[in-house]
Amino acid sequence: MIYKESFDLEELTLELYTPDQASQVIYLFDIPEEADLPYDFLEETETACVVITDPASDKNFSIFSPEDPDNQKAHAFLARLYYDIIPEAEDMLSEIAICPEFFDKNRMIFGMNDAALFSLYAAYRTDLFASVAAFEPELKNKAFMDFVEHYNIYKGTKKVIILTEDEASSITLSELLNRQNKETLICPVKPEHTKKPEILLYLLLSSALCKFYNDLKCSLFFLCYTIYIQNSLILVVLQYLIH
């Protein structure tokens, strides 16, 4: 059973999805409202989920933009994340935590849309997250790629997962991260896949939790996804696997 609780934190809305007990937590940013979370999977993997909705995401999550080249708004939001959002959310999650210290070692961040590049950038500015995932980050942002080339991700971040159509740029990023001994997983996507955000969420959660290699259901899902066969049979299988 997954329980849902919502609350406001100033101008932000936080939605907590919690199983009966949890050993890890993932923070989701800029998720489409129509996206359905894979509840069964969250329960099976003892994963709590915090969905953060920010009406000013286009500004707060902006990285190396012409309007904010020094990322002052992103830094301010990271400070809120560190001092306010995560402590508040995990205080509420403490009752279901198998061990509160687990969250420090098994905390993940996943950003879509405006928050995709922000999620990657966060790993360079804080050691909060063990895994970082981004859907369609703007990897043609030259200032960001120059930044990545000269700075290292915090050592606490072990895994980086990227879903993108821009495979060439993501390979460049992967090469830079491999120099830093970071495990990087790149998953190519097609435009039609964005119409099924719950499938992307399942794929990312599965990747972050290392479930592909010891869970038949996840392995089958990954196989179906990577085949790229766009027919009704495959879509039926995918729909089955995410429920």
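Residues numbered from 1 in each chain as written. Predicted model: local features only at pLDDT ≥ 70, side-chain atom pairs only at ≥ 80, totals over all residues. Heavy atoms only, no water.

Here we come to the overall build of the protein chain. Regarding its fold elements, the protein chain presents ten helices and eight strands. Put simply, 67% of the contacts in the protein chain that link residues at least 6 apart link residues at least 24 apart. Surface accessibility of the protein chain: about 11800 Å² in total, with carbon and sulfur atoms responsible for 51%. (Helix = DSSP H or I, 4+ residues; strand = E, 2+ residues; numbered from the N terminus. Contact = heavy atoms within 4.5 Å. Areas by Shrake-Rupley, 256 points an atom, 1.4 Å probe, with all protein chains shown as cover.)

Turning to the packing of aromatic side chains, a few remarks are in order. Tallied over the full model, the rule gives 14 aromatic pairs. On the numbers, 5.5 Å between centres and 90 degrees between planes, the contact of Phe29 with Phe61 is edge-to-face. Here Phe29 is found in strand β3 (residues 24-29), whereas its partner Phe61 is found in the loop between α2 (57-60) and α3 (72-93), with 32 residues between them in sequence. Aromatic ring contacts, followed pair by pair, group Phe64, Tyr121, Tyr124, Phe147 and Tyr151 into a single cluster. (Phe/Tyr/Trp six-rings, centres within 6.5 Å; stacked < 30°, edge-to-face > 60°.)

Tracing the backbone shows Glu95 in the loop between α3 and α4 (100-105). Considering only alpha carbons, one finds Glu95 and Asp20, 75 residues apart in sequence, at a separation of 9.4 Å.

The next subject is the side chain of Thr157. In this structure, Thr157 sits in the loop between α6 (142-150) and β7 (159-164). Its relative accessible area of 0% is what places Thr157 among the buried residues. Of note is the side chain of Thr157, whose polar atom sits 2.7 Å from the backbone oxygen of Phe129. Discounting residues that sit within four places of it in the chain, Thr157 has contacts with Ala123, Phe129, Ala130, Val132 and Lys182. (Buried < 20%, exposed > 50% of the residue type's maximum accessible area, 1.4 Å probe, protein only. Polar contact = N/O pair within 3.5 Å; in protein donor to acceptor, adjacent residues only side chain to side chain.)

Put simply, the largest pocket is a space of about 340 Å³. What lines the largest pocket is a set of 17 residues, and nearest its centre among them are Ile31, Pro32, Glu33, Val51 and Thr53. Put simply, the parts of the chain that give the lining of the largest pocket at least two residues each are β2 (12-18) and β4 (47-53). Among the elements that take part in the lining of the largest pocket, β4 stands out by supplying three residues, more than any other. Among the residues making up the lining of the largest pocket, the classes are represented as eight nonpolar, three polar and six charged. (1 Å grid on protein atoms, 1.4 Å probe; cavity = no way out; pocket = protein on both sides within 12 Å on 5 of 7 lines; lining within 4 Å. Points joined across faces, edges and corners; volume = space filled by probe spheres on them. Nonpolar A, V, L, I, M, F, W, Y, C, P; charged D, E, K, R; others polar.)

We now examine helix α5 (residues 115-125). Counting along an α-helix, one turn takes 3.6 residues, and residues three or four places apart therefore face a common direction. Of all eleven residues that make up α5, ten are buried, and the element is covered over most of its length. Of all the residues in α5, the buried ones are Ala115, Ala116, Leu117, Phe118, Ser119, Leu120, Tyr121, Ala122, Ala123 and Tyr124.

Under the 1.5 Å per step criterion, the end-to-end length of α3 is 30 Å for 22 residues, consistent within 8% with the ideal 32 Å. The principal kink in α3, of about 45 degrees, is found at Leu81. The complete set of buried residues in α3 reads Ala74, Phe77, Leu78, Arg80, Leu81, Ile85, Ile86, Ala89, Glu90 and Leu93. (Expected span 1.5 Å × (residues − 1). Bend = angle between axes of the 7 residues up to and from the residue.)

Residues in a regular strand project their side chains so that they alternate between the two faces of the sheet. Among the six residues in β7, six count as buried, and that is most of the element. Here strand β6 (residues 131-135) pairs with β7 via five bridges, running parallel. For Phe135, the partnering residue across the bridge sits in β7 and is Leu163. In the classification by handedness, the crossover that spans β6, the intervening α6 and the parallel β7 is right-handed. (Pairing = 2+ DSSP bridges. Right-handed = clockwise from strand over helix to strand, strands pointing away.)

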